[in-house]
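# Examining the three-dimensional arrangement
Single-letter residue listing:
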Amino acid sequence: MAGKPNILVGVDGSREALQAAEWAGARAKINNAQLQIVCAYALPSYTAASMESGFAVIDNDAIRASAQTVVDEALTHLAKLGYHAEGRVEPGDPTAVLVQLSQQADLIVVGTRGTGGFADRLLGATSSALPAYSRCPVVVVPARDTDQQFTPVKKIVIGVDGSSRSRKSLRRAIEEASLWGAQLTAVDAVPMASSAGVLAWLPATVDRESILRDVRNELKAICKAESAGSGVEIHAHALDGNPAVLLTEFSTAVELVVVGTRGRGGFAGVLMGSTSQSVLAHSTCPVLVVPTGDGRGAEE
């Protein structure tokens, strides 16, 4: 989009949402982006059987005023930290509203474990709705301890599997590393040791170290090609293990994990791969989810 980049933050009045706003404020500052705080509200729906008198009076103005209070609180909190932002209140389901707004945004930031708001809607057991359907990248910020800092971002890790979709995520990770001045590590996980791994059927005579070496060399070539001219140096590693488990372990030592919405071998109707879903659910640091689908529902 023309002009300044546009970063949206979804807030719901929770402490975790304010922490997400803090992350977004720091991110907006480093590239002079426009920051918008958004609180969406939906009128509660009732069945006729649940109403004693058959109807209920719903005060739309009161609900909207409450949403505006949430926005104002976030704006005041950010102002105290030296971050300028604008606020808006939108009627509708929070996830649906942010998905719609993602068409004009460059980045959306939300928190997890909120007070029954975004936590349930974004990171439910069935799917991660906003990261899966958003047209722009989404950063999901987990709750943090008082002594834990997610900014500035000094170290970033990304999972790469060699597919064209993961290369798209890699390019975005390179952009983030360049903006933050962060160290970037690319990891290609090859699940050979696990009995459930794709390569678990390999006979014992196969040189598994040779396989890892070949994967690492391919990864290095991909990283070199994608980072050319960016000034970003990428540390490439091929590791034996489950991708989700490895990335979750890395999340304890970095400030940002980057994943794509889909990788290799998924079903056409599944928008979020199992690795991305697992990392979102268990990461201890913010996760940047990059849309990598082409809208056709088929894997490349």
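Being a predicted model, the structure only gives us computed values, none of them experimental.

### Observations regarding unusual backbone geometry
P152 follows T151 through a cis peptide bond whose omega is 0°. Mapped onto the elements of the fold, P152 is located in the loop between β5 (138-141) and β6 (155-159). A positive phi is found at N32, a non-glycine position, where the angle reads about 55°. The residue N32 is located in the loop between α1 (15-30) and β2 (34-41) in this model. Look at N32 and you get partly exposed, because its relative accessible area is 48%.

### What about the environment of T112?
Considering the arrangement of structural elements, one finds T112 in the loop between β4 (107-111) and α4 (118-122). Classification of T112 as buried rests on a relative accessible area of 4%. Note: C-alpha distance between T112 and A143 (31 residues apart in sequence) is 6.4 Å.

### Describing the packing of aromatic side chains
Taken as a whole and judged by the stated rule, the model has 1 aromatic pair. Pairing W23 with W180 gives two aromatic rings, centres 5.8 Å apart and planes at 55°, and the pair type is tilted. Taken as a pair, W23 in helix α1 and W180 in helix α6 (residues 164-180) lie far apart in primary sequence, 157 residues in all. Under the relative-accessibility criterion, W23 is labelled buried at 3%. We classify W180 as buried; its relative accessible area is 12%.

### Some points on the pairing of strand β1 (residues 6-10)
Of all 5 residues in β1, 5 are buried; the element is thus mostly enclosed. With burial as the criterion, each face of β1 is covered, one bearing N6, L8 and G10 and the other bearing I7 and V9. For the crossover from β1 across α1 to β2, the handedness is right-handed. As judged from the 3 bridges shared by β1 and β4, these two strands associate in the parallel manner. Across the sheet, the residue bridging to L8 is I108, located in β4.

### As for the sheet that holds β1
Here we have 10 strands laid out as an open sheet, ordered β3-β2-β1-β4-β5-β10-β9-β6-β7-β8, and mixed in their pairing. Of all the strands in the sheet, just β3 (86-91) and β8 (234-240) have a single pairing partner and so form its edges. Across this sheet, the average inter-strand angle for adjacent strands is 25°, counted without regard to direction. Relative to β2, β1 is paired through 5 bridges, and the arrangement is parallel. The residue bridging L8 from the neighbouring strand is Q36, located in β2.

### A few points about the side chain of S276
Residue position: S276 is located in helix α9 (residues 274-282). Owing to a relative accessible area of 5%, S276 belongs among the buried residues under this scheme.

### Details of the nonpolar core
Ranked by internal contacts, the top residues of the largest apolar core, which has 76 residues, are W23, I37, I108, V109, L184 and V257. Examining the composition of this core, we find that 8 residues originate from one element, α1, more than from any other. Ignoring any residue separated from it by four or fewer positions in sequence, one finds I108 in contact with L8, L98, S102, L130, S134, C136, P137, V138 and V139. Membership of the second largest hydrophobic core comes to 5 residues, among which are V190, M192, L212 and A238.

### Remarks on the confidence of the model for the protein chain
Put simply, the protein chain has an average pLDDT of 82, and 77% of its residues get 70 or more. Element-level mean pLDDT values for the protein chain span from 44 in α4 up to 97 in β6. The model gives residues 263-271 a pLDDT under 50, and that stretch makes 17 contacts with residues more than four places away or in other chains.

### A word on the packing of α1 against α6
Two numbers describe how α1 lies on α6: the axes approach to 9 Å, and their chain directions differ by 80°. On the basis of the axis angle, α1 is roughly perpendicular to α6. Residues W23, A26, R27 and I30 of α1 touch α6, and the partners they reach there are R172, E176, L179 and W180. Classifying every residue of the contact of α1 with α6 gives 5 nonpolar, no polar and 3 charged.

Rules used throughout
Residues numbered from 1 in each chain as written. Predicted model: local features only at pLDDT ≥ 70, side-chain atom pairs only at ≥ 80, totals over all residues. Heavy atoms only, no water. Helix = DSSP H or I, 4+ residues; strand = E, 2+ residues; numbered from the N terminus. Buried < 20%, exposed > 50% of the residue type's maximum accessible area, 1.4 Å probe, protein only. Phe/Tyr/Trp six-rings, centres within 6.5 Å; stacked < 30°, edge-to-face > 60°. Right-handed = clockwise from strand over helix to strand, strands pointing away. Pairing = 2+ DSSP bridges. Axes fitted to C-alpha atoms, helices over the stretch in contact; angles between N-to-C directions. Core = buried A, V, L, I, M, F, W, Y, C linked by side-chain atoms within 4.5 Å. Contact = heavy atoms within 4.5 Å. pLDDT = per-residue confidence, 0-100. Parallel < 35°, antiparallel > 145°, perpendicular 65-115°, else oblique. Nonpolar A, V, L, I, M, F, W, Y, C, P; charged D, E, K, R; others polar.

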